[in-house]
Each structure stands twice: as structure tokens, then as C-alpha cells.
Amino acid sequence: MRGRLNLMWVGIWALGTIGVCALVWPPVQSRAQEGIEPEVPVRPVFAHDGLQMEIVIAPDTPLKVSDKPRLVLTASNPTADDVTTRVRVQLTSQLPASQWSRVISLPEPFYTTDVQITVKAGRKAALTIDSDQPAPVGVIAARLSPVPEADTTPATDAPNTLALLSAGVVFPLGSTVVDATAVTAQAGE
Amino acid sequence: MRYVNAILGVMLGLAIVWGVGRWVGSPHASPSPAGPMMAEFGPPLRTIVVHHVAGSDATLSVIRAFISHLPAEARVCVVCPDDASFAEFREVVALPDERVIPAIVNHPITPWSRDRWVALLPHERGSRTVLLHPFEEAAADAWPARRGDQRVAGDLANVPQLNCVSQMVELRFDGGDLMADDRHVFVSRAVLERNIGSAVQDRDELLDRLRDLFGRTPVLLDDGPDHHVGMYMMSMGQGVALVGDPAMGLELLGRAAAPMDLPGGVDASAEMQARFDAVAQRLKALGYRVRRVPTLVGAGSKAYVTYVNVMMDVDAAGQRIVYMPVYRGLEDLNQAARDTWAAEGFEVRPIDCTDVYQHGGTLHCLVNVTGRGAR
């Protein structure tokens, strides 16, 4: 055999190569089955007066129906100056109308407040906001928008969300589960 | 010579793996080259995708009526959450085995296939259709069926008969937020609202992104109604577009009571009329000949009596066909809509959507398409 092509060894090497590939293949396949793909969603950021702001709902514990949501507003200041600004914070809820619904309802505001935040140059700051309104059943979203210039009093009534949206100044900033079971139970027909 | 045996063996092994890989396919390969978004009209329907969830009788009756009209060459991929749902579909919808492509996904889904993904045409002859889907469904956190819907494009990529690949993008959209014809992709206001400040910085960046993804000129309908595009307009082809008209709907409705199941009654507001009119004006400005068709909008809801939420097809003789929703008790509106489509040269095939429209969609929302082409 020495010095000649040995089909048995060629076959063994071929099987070994296929075996190695088979070990690598399953993780790729299971990743495909899960529908996991490489692009990573970007967290929404609200840019206002030079600040980059994010908001999260109930960051420590899952929110339940009738809880009063706690929000954490984080602002970073990449500029060389200290910045003080006001923003409007609004909580809205949405629900599918029925088990067979194609769409969820229009966002229904249930809490609105205006807050002021100051961030030093090149620093970050966080502000905790406690809603005085309990969360209804549904998908709860926190939205940030500029405080309208003419409006110097704290908001008590919810602004017209659709009108603001059409002006492109309200940004949906993530949603969280209120109570998935309650959603399903209420939606069932 | 020992090394020659090893090298030849490894090469042979890799060749076999490569061949098997080509045969089995790699459904989630990195972004695939794709053609433009599939238009609403064009070559005959070849492969459609519908969902069915056991118990969803209203949606199934619409799907059954539509499928009963399709020619024998058209295949139907049925996405079901479980075997029981698939069995129910087969019991109700009469189709020979060779026309049915089952996709039992073993997770919850909604009955609405249109919103899950949009189809991009194959890049070249023989390549795969790309199912472009968002990275998250609206309300998926709180709505288990919507959470399952997020996986459907990936599920379909694993169905060999469909010859598709799925591709996720960082944008937030429902499939129904987008509609394409041979020139444009029409985009609902929701896409603007859901992506500015997150996926893109501003409107211009969004337009650039949409143009790149869909291969057609994007038209943002940001003054339009707050609903999916196919609920209020449809490009009919040949430079003609159809837009709903609530005032026309109300006039034809006359003194008759609004449909019992239209939530909240009919929205007769000037604001709603202005939104439909804004879409018509926008299309005229783009050079379309615009026709209006009656519509009724549920006050404070997304239930529309609509005659633009259609499926279009063409037969072997080149006759254009429209499958158009109709509603029991609204015969005057039905007839006006039928006349409008017929006047543009379509053979009109009515599909009864009375029991489904209050859920926020009708025929077009229940049917998606992965393939059009010669039969």
C-alpha cells in the first residue's frame, strides 16, 4: 500500500470530516429553528435639547394589574455644557379587542406628567417617577415628548396622543407585560 | 502518500457536506440578495400562505371561500399551531393533498398571515423568495399569539416546498403596514411612529432604509388613517389606485342602521374623511388616476367595512380578477364597489367578510403570497 492511493484511508478521512461537520451543524440548525438572526434591535432613544434619554417601566419587578408603575428616566449629556430641560412622560395602555383580533386598540393614556431634569456636561443622570394611577390590563408603553412651549402648567389631562404622533414628536419607548394572563382572559370570547 | 490520502479524504468529505448543505438549504443564511417587494398584482397566484387556529370560524370561512375560487395549479401553505387546527382546516376546506403544504409550528399564532412578513422577489431566476420580517411584533410581550407570530417567517423558511429564506430587519412594522405595486411601496404612518428615534434617526433615514430594503420608491402615508395600508387604499395596476371614501359609504348607507357589529357605530367625523382624502391627494400627486369607493369606519376602533382589502389575480387568458370583500346587509355599498372594480376591467368575485371585519381586517389581511408566476 505504501506509496499508493489508499481508498480505505480516503474514505476514513472523508467520514471523519463529515462527522466533524455534523457536530457543528446541529447548533446552526437549532438557531435557525428558533428564528434567531444576527441583527440586534436598537433600544429607542429620545433626543431632546442635546440629551439622549431612555425610559423603562418597573425595572425591578414585573408590573401587575392595578400596580402604580414606577418609571426610571435616564438621560446622558454628551455635550460640553450642563443641560436642564423638561419632558412630558405619558403612560398608555393597549389591548387586542378579542382573541381573534388582527390589531390592538389605539393607545389609551392613563397617566401624564411633566418632569424637569438636569444633567452635567459629559455625565448621566437618572430620575425615578412614580405614577399615581394604577396600570390597567393591557400592553403598557411609556412615551416621551417635549412639553409644548405654551403649556407651562403640569399636565393633568392626557394630550391627544394621535395628534402628537402625527406631528412626529412622540416616540414609543418600549413596552412591558402588565399581566399576560389577564390580557388573554379578558380578550377571550 | 499518506498526506495525499488525508487531503483527498477531507476534500471528499467537505464536498459531500457542501452538496448536502445545498440540498437541505440554510434557511437563515446571512442577508440574501433579493429583488423588490412583491407587487399586489402581476403574474398568476402560485403559492399562498394562510394561518388557521382551531375555533377561528370567522377567518376560516373567508379563507375557504377564497380558496374555492383558486385554480387547480395554485398551492396553499397552511400554517397551524397544532395538529388539531390543521385537521379542522382540512375538514372544512376541500383541497387535494398535492395542493396543500402543511406547516405545523407547535406554538401559538394569530389567524392573520399578511402581517407577519413581506415577500421580496427572488434575486434571480431559481433563487429563493425572501420573507422579510420585523425583529419584534407589536404587543408580543402581552399577547402570546403575537409572540408566536414572530417566529412564523423562520418556520416557513424551513418548509422546503416554499423555497424561501427568512430575513429579519431591525425595523418595527406589520406586513400590512406595507403595500407594493410596480413602482412604489406604500407605507403606513405606524412605520414612521414606531421607528423614528430607535431604528432610524429621522424621516429621511427611514425613507432611505425603505428604498434599500424594498427596492421601490417609498411613499409614506403619514396623513392617512391609523390602520394598515390595505384597509384604505389599493393600487389596481395600470396607474390606477382605489381609495376608500367614508362620505360615500355613509351616503349609500342612508337611513339604514349601521352594521350591528361595527364597534362604536360609524365614524362620520371630518377628521377621518380628511385622512382618506389626504391619501387620495397624495396618490394623485404621484400621477395615479384615483377612484373612490365607499367605506365605513368603526368609531374609535379599527373595524373597517372596506372594498380595497382585496386579492388580485389574472387568468390564463389575461383577464384580471379581483376577490373583493362583501358584507351582508350592505348591498348598496357592495354593488357600488363591484361596479368600480368592474369598470376598470376586473372580473369581480365576491367574498363574504361579514363575520370577520370587526376583528380589524378582511380578505387581504388573511392571505399572504410567496409565489406568483406562470402556471
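Please read these numbers as outputs of a predicted model, since none were measured by experiment.

Undergrad: Sorry, what's going on with the overall build of chain B here?
TA: Along its length, chain B carries eleven helices and 19 strands. Against the 2.2 N^0.38 benchmark of 21 Å for 375 residues, chain B shows a C-alpha radius of gyration of 22 Å, consistent with a compact globule. The principal-axis extent of the C-alpha atoms belonging to chain B is close to 95 × 50 × 45 Å. Scored against the burial criterion, the 375 residues of chain B give a buried share of 59%.

Undergrad: Could you clarify how one ought to interpret the sheet that holds strand β16 (residues 311-314) of chain B in this entry?
TA: Each strand in a sheet pairs with its neighbour through backbone hydrogen bonds, running either in the same direction (parallel) or in the opposite one (antiparallel). All names here are of chain B. On the basis of which strands lie adjacent, the open sheet formed by three strands has the order β16-β17-β18 and mixed pairing. The open sheet has two edge strands with one neighbour each: β16 and β18 (347-352). Geometrically, the sheet is characterised by an average inter-axis angle of 25° between neighbouring strands, direction not taken into account. Against the sheet, helix α2 (residues 57-69) contacts β16, β17 (320-326) and β18, and its axis sits at roughly 150° relative to β18. Sheet strands touched by helix α10 (residues 331-343): β16, β17 and β18. Its angle to β17, the strand with the most contacts, is close to 165°.

Undergrad: I'm lost on the pairing of strand β2 (residues 51-57) of chain A in this one. Help?
TA: The two faces of the sheet receive side chains in turn, since in a regular strand these alternate between them. All names here are of chain A. Residues Leu51, Met53, Ile55 and Ile57 line the buried face of β2, whereas the alternating positions Gln52, Glu54 and Val56 sit on a face that is not buried. Note: strand β1 (residues 46-48) against β2, three bridges, orientation antiparallel. Its bridge partner lying in β2, Ala47 is registered against Gln52. Hairpin geometry of β1 and β2 is characterised by an intervening segment of two residues between the two adjacent antiparallel strands and by a positive phi of about 50° at Asp49. Strand direction decides the pairing type here: β2 and strand β3 (residues 70-76), joined by six bridges, are antiparallel. Residue pairing for β3: Val56 is matched across the bridge by Val72.

Undergrad: Whenever I open this one, the confidence of the model for chain A confuses me. Can you help?
TA: Predicted coordinates in regions of low pLDDT should not be interpreted in detail. All names here are of chain A. Of all residues in chain A, 65% have pLDDT values of 70 or greater, and the mean over the chain is 69. Confidence scores differ between elements of chain A, with helix α2 (residues 161-166) showing the lowest mean pLDDT of 26 and strand β6 (residues 124-130) the highest of 93. A low-confidence stretch, residues 27-41 stays under pLDDT 50, and its non-local contacts, those more than four residues away or across chains, total 20 contacts. In the model, residues 153-189 has pLDDT below 50 throughout and makes 95 contacts with residues more than four positions away in sequence or in other chains.

Undergrad: What is the right way to look at the nonpolar core in this model?
TA: Grouped burial of nonpolar side chains is what soluble globular proteins tend to show. Residues and elements named next belong to chain B. Ranked by internal contacts, the top residues of the largest apolar core, which has 95 residues, are Ile48, Phe66, Ile67, Leu156, Met233 and Trp341. With six residues, the top contributor of residues to this core is α2. Excluding residues within four positions of it along the chain, Phe66 makes contact with Leu45, Ile48, Met311, Tyr323, Ile351, Leu363 and Val367.

Undergrad: I would appreciate a short explanation of the packing of α2 of chain B against helix α3 (residues 83-92) of chain B in the present structure.
TA: For any two helices packed against each other, one specifies the inter-axial angle together with the distance between the axes. Residues and elements named next belong to chain B. One can describe the packing of α2 onto α3 by two numbers: an axis separation of 10 Å at closest approach and a directional angle of 45°. Classified by the angle between their axes, α2 and α3 sit oblique to one another. You can see that α2 and α3 cross each other, and the crossing is right-handed. Residues Asp57, Leu60, Ile63, Arg64 and Ile67 of α2 pack against Glu88, Phe89 and Val92 of α3. Counted by class, the contact of α2 with α3 contains five nonpolar, no polar and three charged residues.

Undergrad: Sorry if this is basic, but what is going on with unusual backbone geometry here?
TA: The general pattern is negative phi for most residues beyond glycine and trans for most peptide bonds. The backbone phi angle of Asp49 of chain A is positive, close to 50°, even though this residue is not glycine. Positive phi values are uncommon outside glycine, yet Asn106 of chain B reaches one of about 60°. Among the secondary structure elements, Asn106 of chain B is positioned in the loop between β4 (100-104) and β5 (118-122).

Undergrad: Would you take a moment to explain the packing of aromatic side chains for this structure?
TA: Aromatic ring pairs: the centre-centre distance and the angle between the two ring planes describe each pair. Residues and elements named next belong to chain B. Applying the stated criterion across every chain yields a total of seven aromatic pairs over all chains. With a centroid separation of 4.9 Å and 90° between ring planes, the pair formed by Phe66 and Tyr323 is classed as edge-to-face. Note that Phe66 is positioned in helix α2 and Tyr323 in strand β17, a separation of 257 residues in sequence. Looking at Phe66, the relative accessible area reads 0%, which means it is buried. Between Phe276 and Tyr304, the ring centres sit 6.1 Å apart and the planes meet at 40°, which makes this aromatic pair tilted. Placement of the pair is Phe276 in helix α9 (residues 270-285) and Tyr304 in strand β15 (residues 304-305), with a sequence separation of 28 residues. Residues Phe276 and Tyr304 agree in their burial class; the two are buried. An aromatic cluster of three or more residues is present, and its members are Tyr232, Phe276 and Tyr304. Just above the ring of Tyr288 sits the side chain of Arg183; from NZ or CZ to the centre is 4.6 Å.

Undergrad: I'm lost on helix α8 (residues 246-253) of chain B in this one. Help?
TA: Residues spaced three or four apart along an α-helix face the same direction, because each turn holds 3.6 residues. Residue and element names in this part refer to chain B. Buried within α8 we find Pro246, Gly249 and Leu253. In an axial view of α8, the angular spread of the buried residues amounts to 60°, which keeps them on one side of the axis. You can read the cap of α8 off the contacts: a side-chain oxygen lies 3.1 Å from the backbone nitrogen of Ala247, and it is on Asp245. Backbone geometry just downstream of α8 places Gly254 in the positive-phi region, at approximately 60°.

Undergrad: Please explain a nonpolar patch on the surface as it appears in this structure.
TA: Together, Leu5 and Leu7 of chain A together with Val4 and Leu8 of chain B give the surface a local cluster of nonpolar side chains, amounting to about 350 Å² of exposed area. Here Leu7 of chain A lies in helix α1 (residues 7-33). Given the relative accessible area of 65%, Leu7 of chain A is considered exposed.

Undergrad: How should the sheet that holds strand β10 (residues 217-221) of chain B be read in this particular structure?
TA: Residues and elements named next belong to chain B. With respect to topology, three strands assemble into an open sheet ordered β8-β9-β10, the strand pairing being mixed. Among the strands making up the open sheet, the edge pair consists of β8 (178-180) and β10. The mean inter-strand angle of the sheet, taken between neighbouring strand axes irrespective of direction, is 25°. Pairing analysis gives three bridges linking β8 to strand β9 (residues 184-188), with the strands arranged antiparallel. Looking at β9, one finds that Leu178 is bridged to Val187.

Undergrad: Before we go on, may I ask you to explain the pairing of β5 of chain B in this structure?
TA: Residue and element names in this part refer to chain B. Bridge analysis of strand β1 (residues 34-37) against β5 gives two bridges, and the strand direction is antiparallel. Bridged to Met37 within β5 is Leu120. Where β5 meets strand β6 (residues 129-134), three bridges bridge the pair, whose relative direction is antiparallel. Pairing of Ala119 across the sheet is with Leu131, part of β6. Counting the residues that bridge the hairpin from β5 to β6 gives six residues, and of these Gly126 lies at a positive phi of roughly 95°.

Cut-offs and rules
- Residues numbered from 1 in each chain as written.
- Chains lettered and ligands numbered in written order.
- Predicted model: local features only at pLDDT ≥ 70, side-chain atom pairs only at ≥ 80, totals over all residues.
- Heavy atoms only, no water.
- Helix = DSSP H or I, 4+ residues; strand = E, 2+ residues; numbered from the N terminus.
- Rg over C-alpha atoms; globule rule 2.2 N^0.38 Å.
- Buried < 20%, exposed > 50% of the residue type's maximum accessible area, 1.4 Å probe, protein only.
- Pairing = 2+ DSSP bridges.
- Axes fitted to C-alpha atoms, helices over the stretch in contact; angles between N-to-C directions.
- Contact = heavy atoms within 4.5 Å.
- pLDDT = per-residue confidence, 0-100.
- Core = buried A, V, L, I, M, F, W, Y, C linked by side-chain atoms within 4.5 Å.
- Parallel < 35°, antiparallel > 145°, perpendicular 65-115°, else oblique.
- Left-handed = near helix turned anticlockwise from the far one by under 90°.
- Nonpolar A, V, L, I, M, F, W, Y, C, P; charged D, E, K, R; others polar.
- Phe/Tyr/Trp six-rings, centres within 6.5 Å; stacked < 30°, edge-to-face > 60°.
- Lys NZ or Arg CZ within 6 Å of the ring centre and 35° of its normal.
- Arc of directions from axis to C-beta.
- Polar contact = N/O pair within 3.5 Å; in protein donor to acceptor, adjacent residues only side chain to side chain.
- Patch = residues over 30% accessible without salt bridge, like charges linked within 9 Å, V, L, I, M, F, W, Y side chains within 5 Å.
- Areas by Shrake-Rupley, 256 points an atom, 1.4 Å probe, with all protein chains shown as cover.
- Salt bridge = Lys/Arg side-chain N within 4 Å of Asp/Glu carboxyl O.

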